[in-house]
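Chain residues, written in single-letter form:
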Amino acid sequence: MAAKKRSVIGGVDTHRDTHHAAIIDSTGGLLGDAEFPATTAGYADLLAWMRSFGRITAVGVEGTGSYGAGLARYLTSKKLTVVEVGRPDRRARRAQGKSDPIDAIAAARATLAGTAIGIPKTRTGPVEAIRALRVARRGAVKARTAALNQMRGLVAAAPEQLRAHLTRVSAVTLVSRSTALTYDTARLHEPEHATAAALVGLARRVTALTDEITTLDRQVTPIAQKAAPRTTALFGVGPEVAAQMLTTAGDNPDRLRSEAALAHLCGAAPIPASSGRVRRHRLHRGGDRGANHALHTIALCRMRYDQRTRAYVHRRITEGLSKQEILRCLKRYMVRDVYTALVADFTALTT
């Protein structure tokens with residue numbers, strides 16, 4: 001009976017095929033560790049095993065956004081408090097070593113100590129659908145950029161006749177002209193015909209990837225507009241930017257405790273960097289770089305087209321700030337607008 005009344009904390013080191021769990025008591029003492037398969041049945045066995053030691057206060061899980069996503073969803077559905085645990089720092093790993101049991105125990109003790117306090121994304125709503133579609137879009141954009149770079153490289157070293165026809169043109173013109181090239185399959189041993197064949201193939205790849213990106217944009221846009229109408233209505237916020245900010249926030253925006261927390265997550269928060277008699281702040285360079293890029297896009301759009309922002313930029317320039325410093329300030333202000341709109345959107349979505 002004493003074991004049933006005891007408060008315990010779990011920790012899980014997640015992998016693709018297996019999860020290693022550890023359980024500790026309220027003083028940090030290790031009660032046990034075990035490995036379970038990363039399946040629904042394995043999740044049930046893991047939870048039953050943890051409960052055999054006492055009343056579970058919380059479970060710290062590594063990788064709730066990847067290998068631990070399924071386990072985090074399962075534990076949350078069982079009304080347990082799940083905490084997102086980051087990787088141990090390098091100093092701790094050098095001192096303690098690394099293994100699955102060590103990482104699981106570290107996750108449990110970080111949860112007990114309160115150094116791990118992140119709330120995992122639920123991944124059960126429209127934002128998760130947007131994220132999945134954007135993964136495919138990001139891959140298509142990356143592949144298209146690589147194909148265009150390959151085309152530019154081929155043109156730079158192509159025989160003179162091809163190079164003169166395709167150099168110093170836009171990407172659209174390069175693709176259209178390359179698609180129209182002709183070559184003799186019997187003469188592919190000649191550089192001119194081989195280069196033309198390669199350019200035709202790359203141009204077709206770029207066209208196919210462009211069609212794929214357009215299709216994905218058409219799929220994402222209505223979901224983003226329905227999930228976050230106030231966010232998409234902000235000046236300078238298009239469907240792609242709104243989709244990125246939604247993905248950063250997740251389906252459960254209660255993870256973001258405040259506007260400042262969102263700014264920190266987006267890498268747009270000033271943090272102290274003072275020493276001795278020097279008092280200054282620097283920009284936080286961590287966080288979600290995709291969200292930071294989205295804020296950058298909003299700021300550039302407003303600097304060009306929004307009259308209030310243009311007046312602010314002019315005033316700050318007269319005060320001696322550089323354009324880069326002004327842009328950093330604007331990103332922080334953008335977070336305020338985005339946070340307010342996101343909270344209103346999610347409040348409306350859940351009521």
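See the structure above.
Described in the following lines is the structure provided in the data block. Keep in mind it's a predicted model, so treat the numbers as computed, not measured.

Here is what the cut-offs are and how they apply
- Residues numbered from 1 in each chain as written.
- Predicted model: local features only at pLDDT ≥ 70, side-chain atom pairs only at ≥ 80, totals over all residues.
- Heavy atoms only, no water.
- Buried < 20%, exposed > 50% of the residue type's maximum accessible area, 1.4 Å probe, protein only.
- Helix = DSSP H or I, 4+ residues; strand = E, 2+ residues; numbered from the N terminus.
- Pairing = 2+ DSSP bridges.
- Axes fitted to C-alpha atoms, helices over the stretch in contact; angles between N-to-C directions.
- Contact = heavy atoms within 4.5 Å.
- Left-handed = near helix turned anticlockwise from the far one by under 90°.

**Here we look at the pairing of strand β1 (residues 7-14)**
Line of reasoning, step 1. Buried residues dominate β1, accounting for seven of its eight residues.
Line of reasoning, step 2. Across six bridges, β1 lies against strand β4 (residues 55-62) in parallel orientation. Considered in β4, the bridge of I9 is made with A58.
Line of reasoning, step 3. Note that β1 and strand β2 (residues 18-25) share seven bridges and pair antiparallel. For I9, the partnering residue across the bridge sits in β2 and is I24.

**As for the sheet that holds strand β5 (residues 82-85)**
The strands making up a sheet associate through hydrogen bonds between their backbones, and the pairing can be parallel or antiparallel.
Line of reasoning, step 1. Here five strands make up an open sheet; going across it, the order is β3-β2-β1-β4-β5 and the pairing mixed. Taken across any chain shown, the strands that pair with only one partner, and hence form the sheet edges, are β3 (30-37) and β5. Direction aside, the axes of adjacent strands within the sheet are offset by 20° on average.
Line of reasoning, step 2. Its contacts with the sheet place helix α5 (residues 100-113) against β1, β2, β3, β4 and β5, and it is angled at close to 135° to β1.

**What about the packing of helix α9 (residues 191-227) against helix α11 (residues 239-249)?**
Line of reasoning, step 1. Relative orientation of the contacting elements α9 and α11 amounts to 65°, with a least axis distance of 9 Å. Like other packed secondary-structure pairs, α9 and α11 cross with a definite hand, here left-handed. Contacts between α9 and α11 pair D217, V220, T221, A224, Q225 and A227 from the former with P239, E240, A243 and L246 from the latter.

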